[in-house]
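# Observations on the model geometry
The lines below spell out each chain.
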Amino acid sequence: MTKIRLIAGSLALLFAATACGSSSYDATPLPVKQTPRATKAAPPPTQTCENATQSYAPAGPLPEPHAMPANSTMDRIYKRGRLIAGVSADSLNLGSRNPITGAIEGFDIDMINAVADAIFGAPAPGKPHKVELRVISSPQRIPALKRSEVDIVARNMTINCARWQEIAFSAEYYRSGQKLLVQRDMKVESLAELSGQKVCAPAGSTSLDNMMKANPEIIPVTADTDTGCLALFQQGKVVGISGDDTVLAGDAAQDPYARVTKAEKISDEPYGLGINSAQVDFVMFVNGVLEKMKTAPAAGTKSAWQQSYDKWLGPALGPALPPKPLYGRGDQ
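Scope of this entry: the structure provided in the associated data block. (Residues numbered from 1 in each chain as written. Predicted model: local features only at pLDDT ≥ 70, side-chain atom pairs only at ≥ 80, totals over all residues. Heavy atoms only, no water.)

Here we take up the overall build of the chain. If you tally the helices and strands in the chain, you get 11 helices and 16 strands. When each of the 332 residues of the chain is scored for burial, the buried share is 53%. By element, 57% of the accessible surface of the chain is carried by carbon and sulfur atoms, the whole surface being about 15,100 Å². (Helix = DSSP H or I, 4+ residues; strand = E, 2+ residues; numbered from the N terminus. Buried < 20%, exposed > 50% of the residue type's maximum accessible area, 1.4 Å probe, protein only. Areas by Shrake-Rupley, 256 points an atom, 1.4 Å probe, with all protein chains shown as cover.)

So this is what it looks like as structure tokens:
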């Protein structure tokens, strides 16, 4: 069994190394100049944040693909020829690199592809979506958006009030919860039982903050990626990993000696698509795309959101319905 776990640990380290590969495109900074609509200010830091999931309502029906409003953020993306998205490549079922095809795929990637298709139109069969996926770590998510290195981030990113001070978010597209992963034979169910022991959580994540609030006596260990935490766990350098249930389900699928405990989640983690706070027009557009994804095209059929969830997350996490959007930001 020791030999098998050493091999699994080595594979996790190899995957962590390959997941950080760069895209085939050079960095393409977005133009600094914004249109009046695009430069509509995000809520000022002094504004109260009673509900972080409140976003900007879509500005009417979505425009047709290839017909973006002149001088809008979407128009600039269209003229560039691709949407640039910050994603994970090591979060199984959310955003991970397929070892056979080399493509990054998962639930988060489906959200990005839907936004790209709304701008450029759906690709022909066998052709790629007009998206450049840039692999970033958790700590890089907000800086990449603020520096306009990416147009959008889909990386199991929790919407909260503190982050609204720096970036903007779409409406919630999934509701996760933080849990705990340990060795299968370990008689532990909750973080409260791990005082004085090392537990990993991604750096720069709400998971790390929540873990320390749940038990300040834990010795925190961080890694830049989810696979980094899994590698530390498989090497025996930490006794557990605390993170979103979506991520932990993917970790358990990669390690037969790991399990997600049955303890109740310690937090709610509403996922949103991160966008530069100056690009409110793009937030409105993305929210329109998400509304369309969450709506079934006809009675008795599944929405695009439901089909994606059932494919990537349903087998591990069970049935779920898309969260309802909450709008009104900017109307206060």
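Take helix α7 (residues 226-234) next. Because an α-helix packs 3.6 residues into every turn, residues spaced three or four apart end up facing the same way. Among the 9 residues that make up α7, 9 are buried, leaving the element largely enclosed by the rest of the structure. Within α7 the residues assigned to the buried category are Asp-226, Thr-227, Gly-228, Cys-229, Leu-230, Ala-231, Leu-232, Phe-233 and Gln-234. After α7 finishes, the residue Gly-236 shows a positive phi value of roughly 80 degrees.

What follows concerns the packing of aromatic side chains. A full pass over the atoms with the stated rule returns 12 aromatic pairs. Relative to Trp-164, the ring of Tyr-56 has its centre 6.1 Å away and its plane inclined at 70 degrees; by these criteria the two rings are edge-to-face. With Tyr-56 in the loop between β1 (54-55) and α2 (73-80) and Trp-164 in helix α5 (residues 161-164), this pair connects stretches of sequence that are 108 residues apart. Look at Trp-164 and you get buried, because its relative accessible area is 2%. Centroid distance Tyr-173 to Tyr-271: 6.1 Å. Interplanar angle 50 degrees. Geometry classified as tilted. Separated by 98 residues along the polypeptide, Tyr-173 in the loop between β8 (168-169) and β9 (174-183) and Tyr-271 in strand β14 (residues 268-271) bring together distant segments of the chain. (Phe/Tyr/Trp six-rings, centres within 6.5 Å; stacked < 30°, edge-to-face > 60°.)

It is worth spelling out the pattern of salt bridges at this point. The full count for this structure, using the stated rule, is 12 salt bridges. Between Glu-132 and Arg-134 there is a salt bridge, and its shortest N-O distance comes to 2.6 Å. As far as burial versus exposure is concerned, Glu-132 and Arg-134 are alike and both buried. In this structure, Lys-265 and Asp-268 form a salt bridge, with 2.7 Å as the shortest nitrogen-oxygen distance. Here Lys-265 falls in the partly exposed class, since its relative accessible area comes to 41%. Taking the relative accessible area as the measure of exposure, Asp-268 reaches 43% and is therefore partly exposed. Sharing partners across several salt bridges, the network here consists of Glu-172, Arg-175, Lys-265 and Asp-268. (Salt bridge = Lys/Arg side-chain N within 4 Å of Asp/Glu carboxyl O.)

Next up on the list: the packing of helix α3 (residues 107-120) against helix α10 (residues 304-312). Viewed as axis vectors pointing N to C, α3 and α10 meet at an angle of 155 degrees, and their least axial separation amounts to 9 Å. By the angle between their axes, α3 is roughly antiparallel relative to α10. Remark: the crossing between α3 and α10 carries right-handed chirality. Taken together, the residues of α10 that come into contact with α3 (itself represented by Phe-107, Asp-110 and Met-111) are Trp-305, Ser-308, Tyr-309 and Trp-312. (Axes fitted to C-alpha atoms, helices over the stretch in contact; angles between N-to-C directions. Parallel < 35°, antiparallel > 145°, perpendicular 65-115°, else oblique. Left-handed = near helix turned anticlockwise from the far one by under 90°. Contact = heavy atoms within 4.5 Å.)

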